[in-house]
Amino acid sequence: MQRRWARPERRSDGELDSIRKGRDMKLTFAGAAQTVTGSQTLFEHRGFAGLVDCGLYQGPKPLRLLNWTKPDFYDRVRAILLSHAHIDHSGLLPRWASWGYKGPVYCTKPTADLLEVMLRDAARLQEEDARYANRSRHSQHDPALPLYTTEDAEAILKRVVAVELGQWQELSPNLSFRFLRAGHILGSAVIQLAAKTESGSRLVTFSGDLGGGRSELLRDPDPVLETDALVLESTYGNRKIVSEGREDRLAAVVNKVHARQGTLVLPAFALGRTQDLLLSLFRLWRDGKIPEVPVYLDSPMATEVTEIYAKHRREFWPDERGDEILHALKSGWFKVIESPDDSMFLCTSPEPKIVISASGMLQGGRVLHHLKQALPKKQNAVLFVGFQGAQTKGRLLLDGLLSLRIHHQEIPVEAEVLYLDGFSAHADQGDLLDWVRRFHRKPQQILLNHGEIEGMQIFAQLIEQEFKVRPELPKLNEQVMIQGT
Ligand SMILES: [Zn+2]
């Protein structure tokens, strides 16, 4: 399938006039538009074009197919700014390398370190999945090809430029950017663009993914004092997250599944949520609130990610509490599974256990192999702790599907399927509104992305009521002019 790129809409004479004068900043929502993956927004100002985020589409096949097609603006892009290292914001970078992109990829220092692990792992997964598809002949393509290779990942890693939080960096004589702390995962940043205009300058702020202050492994988001326009994520725009008592609720699930000698599978983003879960399980285990059930972290990058947390520990707690956190992340009390063979062996082991594995929304990765074994048996359970995008396997399971298609096999769902609130790395409705409240100079233009349409519409109404600005909800490839630039 070819990706269809919208042509620019018809413009008024006034708009055409300001474009000819080169004053406008234009955004094109090339991903995460009314959906929660594939984050990618093109910004163009006075002849300079760049991207905010370069994320992989995950979820249903029509979305995933978008990963394969080169956008028509590809040749114009001269810089990529990354909000954070999650794959739905960074995972298309090696694809850009395969097309020949040689510009800089700017990000914070922790993000630069995490990208080394995340992108190599993403490439390895692409290669592993293609190999597995060829071996088991479950691909319609012969041979199945990876979206990108380890070489592509290495090529783009050479383009990464780490910059300090808070410092303005020049992209062109008319355009600068800076990163501010977003509190979503280690290294995550809000991105602010400053565009020179005839009347001074305009600030455009991209929230990226915002945290809600629920993770002990992160500091809260920095307040952003001023902006003219705001591109705001809205994943939980219609929801409140209840984090109180989350550890006790987790203990109850672990104890219930262990009492019936079952396996508990925890699908989780390998970065961020996995570390929060490990910290909670460690405390429950240490305090005797859960039995000594074996805990496996089935992730080839677990050890490296822990090292990066240790290196950047000033990003969370510089005191003894940081020691406890780092201790909880270091294996010893849990086991790390790195090699694919050990992972396959673990899948088929009948012992009662807890397995934490990616991907969090079940779009791929090792967790699918665990579910193939775990789902058909009543004593087992799957516990979701994060957002499940529309039509992802995770959402289908939560919606009560009786069988799940994994690697072209129908797997009956006999295991218990559960959801636990409180571990999300995202800001909820109240957190998002609070963050906007803290701007001294409030945005005059608000654009919502990274959300699903029903939730976005509810959230948009709340924003309009409180801030007297009607948010725009751009569709895929919709172009929006930033007012006043
Ligand atoms: Zn994220």
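Small disclaimer: the values here were computed from a predicted structure and weren't measured.

Visitor: How should the overall build of the protein be read in this particular structure?
Guide: The helix and strand inventory of the protein stands at 15 helices and 21 strands. Relative to a compact globule of 485 residues, whose C-alpha radius of gyration would be 23 Å, the protein shows 22 Å and is just as compact. Expressed along its principal axes, the backbone C-alpha trace of the protein runs to roughly 70 × 55 × 40 Å. Burial statistics for the protein: of 485 residues in total, 48% are counted as buried. Sequence-distant contacts, at least 24 apart, represent 75% of the contacts inside the protein between residues at least 6 apart.

Visitor: Sorry if this is basic, but what is going on with the confidence of the model for the protein here?
Guide: Mean pLDDT over the protein stands at 91; residues scoring 70 or higher make up 94%. Counting interchain partners and residues more than four positions distant, the pLDDT-below-50 stretch residues 1–11 has 13 contacts. Here residues 18–22 is modelled with pLDDT under 50, and outside its nearest four sequence neighbours on either side it reaches five contacts, counting other chains as well.

Visitor: What exactly am I supposed to notice about the packing of helix α8 (residues 273–286) against helix α10 (residues 320–329) here?
Guide: In a packed pair of helices, the relevant descriptors are the angle between the two axes and the axis-to-axis distance. Contact geometry for α8 and α10: axes closest at 8 Å, N-to-C directions at 100°. By the angle class used here, α8 and α10 are roughly perpendicular. Across the interface between the two elements, Q275, L278, L279 and F282 from α8 touch I325, A328 and L329 from α10. Here the residues of the contact of α8 with α10 are counted per class, giving six nonpolar, one polar and no charged.

Visitor: Hey, could you run me through the sheet that holds strand β7 (residues 169–172) in this one?
Guide: Taken together, the six strands give an open sheet; going across it, the order is β7-β8-β9-β10-β11-β20, and neighbouring strands pair in mixed fashion. Lying at the two open borders of the sheet, with one neighbouring strand each, are β7 and β20 (445–449). Neighbouring strand axes in the sheet, compared pairwise and without regard to direction, differ in orientation by 20° on average. The sheet contact formed by strand β8 (residues 175–181) and strand β9 (residues 189–197) spans seven bridges and is antiparallel.

Visitor: Explanation requested: the sheet that holds strand β15 (residues 353–357) in the structure shown.
Guide: Pairing between the strands of a sheet is mediated by backbone hydrogen bonds and can be parallel or antiparallel. Taken together, six strands build an open sheet; the order of strands is β14-β13-β15-β12-β16-β19 and the sheet is parallel. Looking at strand neighbours, the two that pair on one side only are β14 (335–337) and β19 (416–419), the edges of this open sheet. Taken over all neighbouring pairs, the strand axes of this sheet differ in orientation by 20° on average, direction set aside.

Visitor: Would you mind showing me how to read the packing of helix α5 (residues 109–136) against helix α6 (residues 150–157) here?
Guide: Packing of α5 against α6 leaves a shortest axis separation of 8 Å and a crossing angle of 160°. Relative to α6, the element α5 lies roughly antiparallel. α6 is crossed by α5, and the crossing has right-handed handedness. Note on element contacts: α6 touches α5 through T150, D152, A153, I156 and L157, opposite L115, E116, L119, R120, A122, A123, R124 and E127.

Visitor: How should the nonpolar core be read in this particular structure?
Guide: Across soluble globular proteins, nonpolar side chains show a tendency to be buried alongside one another. Counting 134 residues, the largest nonpolar core has L81, M118, I191, L266 and V382 as its most contacted members. Of all the elements, α5 adds the most residues to this core, at nine residues. Three or more residues apiece are contributed to this core by two domains, here domain 1 (13–239 + 425–482) and domain 2 (246–419). Apart from residues no more than four positions distant in its own chain, M118 is found in contact with A85, I87, S90 and L271.

Visitor: Looking at this structure, how should I read unusual backbone geometry?
Guide: Most peptide bonds take the trans form, and the phi angle of most residues other than glycine is negative. A cis amide bond, omega 10°, links A358 with the succeeding residue S359. Relative to the elements of secondary structure, S359 occurs in the loop between β15 and α12 (367–374). The residue Q34 is not glycine, and still its phi comes out positive at about 60°. Taking the number of C-beta atoms within 10 Å as the measure of exposure, Q34 has 20 and is therefore buried. Residue K468 is not a glycine yet carries a positive backbone phi of 60°. Among the structural elements, K468 can be located in the loop between α15 (453–467) and β21 (479–482). Under the C-beta neighbour-count criterion, K468 is labelled exposed, with 9 such atoms within 10 Å.

How each quantity is defined
Residues numbered from 1 in each chain as written. Predicted model: local features only at pLDDT ≥ 70, side-chain atom pairs only at ≥ 80, totals over all residues. Helix = DSSP H or I, 4+ residues; strand = E, 2+ residues; numbered from the N terminus. Rg over C-alpha atoms; globule rule 2.2 N^0.38 Å. Buried ≥ 20, exposed ≤ 12 C-beta atoms within 10 Å, placed from the backbone. Contact = placed C-beta atoms within 7 Å. pLDDT = per-residue confidence, 0-100. Axes fitted to C-alpha atoms, helices over the stretch in contact; angles between N-to-C directions. Parallel < 35°, antiparallel > 145°, perpendicular 65-115°, else oblique. Nonpolar A, V, L, I, M, F, W, Y, C, P; charged D, E, K, R; others polar. Pairing = 2+ DSSP bridges. Left-handed = near helix turned anticlockwise from the far one by under 90°. Core = buried A, V, L, I, M, F, W, Y, C linked by C-beta atoms within 7 Å. Domains from an automatic or database assignment.

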